[in-house]
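Coordinate analysis (summary)
Each chain, written out:
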Amino acid sequence: MTRSSGGLNLCVLASGEGSNLKAIIRAWKSKKIKSRVVLVISNNSKSGALRAAHRNNIPAYHLSQIQFNSEKKFVDSFLGLLRKFEIDLILLAGYMKMLSPKIVKRYKNRILNIHPALLPQFGGKGMYGMNVHHAVIESGEKSSGATVHFVDELYDHGATLFQKQVGVAEGDTPETLQKKVLKVEHKIYWEAIKLIEQNKVKFAGRKVVVEA
Ligand code: GRF
């Protein structure tokens, strides 16, 4: 799936601050990965992600279902952008919307998400943002972490590609845990992209096998 540059054309979907987007841009600029963010789409016109894209001269679009009078038109417009920018891999980075099944199907095994916990624990509907860190702290778990996984039609459900653990210390709050986990997220997302651009990721049914 790689291009002549040896990298992939990445599209990042984000709704919020965009720190994961910024980390991926940094990884490309510092040559840790060959893949390049060529398109950013956000459902939030005020997102930090759109601002970061503009600062880095990356084409960026505010696209939301409410701008269209039918879901079909919204999805067609979305797919049109993905086609126009010849997207190889879609990265969900704090994207607060469920992707249309049509997009998931069209880009099967080519969509990743990052989740701020060790899936399958603390995943599923309602488990996003600070909710996740609150739940981990309340559960008394001694560890949390971040997961990069492929996206299917269900929330936080597709095959896991990469996970990294962080310890939950006595005295950690949801806020301090979020900071620790974000630090890990900013590293494992580009590491996961690198595995894909190196063609090391294979599928065996629903399972993902990473070649050494
Ligand atoms: C991250 O914790 C990500 O795992 C979650 O939403 C947060 C987005 O952060 N899905 P940012 O917008 O990338 O800073």
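Small disclaimer: the values here were computed from a predicted structure and weren't measured. (Residues numbered from 1 in each chain as written. Predicted model: local features only at pLDDT ≥ 70, side-chain atom pairs only at ≥ 80, totals over all residues. Heavy atoms only, no water.)

What follows deals with the side chain of Glu-185. Structurally, Glu-185 can be placed in helix α6 (residues 174–197). One buried charged residue, Glu-185, forms no salt bridge at all, with the nearest opposite charge on Arg-26 at 11 Å. Among the polar contacts listed, one links the side chain of Glu-185 to the side chain of Asn-20, at a separation of 3.0 Å. Those residues within four positions of Glu-185 in sequence are excluded, and the remaining contacts are Asn-20, Ile-114, Pro-116 and Ala-146. (Helix = DSSP H or I, 4+ residues; strand = E, 2+ residues; numbered from the N terminus. Buried < 20%, exposed > 50% of the residue type's maximum accessible area, 1.4 Å probe, protein only. Lys, Arg positive; Asp, Glu negative; His and termini not counted. Salt bridge = Lys/Arg side-chain N within 4 Å of Asp/Glu carboxyl O. Polar contact = N/O pair within 3.5 Å; in protein donor to acceptor, adjacent residues only side chain to side chain. Contact = heavy atoms within 4.5 Å.)

Here the focus is the packing of helix α5 (residues 130–139) against α6. Relative placement of two packed helices is described by the angle separating their axes and the distance separating the axes. As a packed pair, α5 and α6 sit with axes 9 Å apart at the nearest point and diverge in direction by 115 degrees. Here α5 is positioned roughly perpendicular relative to α6, judged by the angle of their axes. Classified by chirality, the crossing of α6 by α5 is right-handed. Packed against α5, whose contacting residues are Met-130, His-133, His-134, Val-136 and Ile-137, the element α6 presents Pro-174, Glu-175, Leu-177, Gln-178 and Val-181 at the interface. Classifying every residue of the contact of α5 with α6 by side-chain character gives six nonpolar, three polar and one charged. (Axes fitted to C-alpha atoms, helices over the stretch in contact; angles between N-to-C directions. Parallel < 35°, antiparallel > 145°, perpendicular 65-115°, else oblique. Left-handed = near helix turned anticlockwise from the far one by under 90°. Nonpolar A, V, L, I, M, F, W, Y, C, P; charged D, E, K, R; others polar.)

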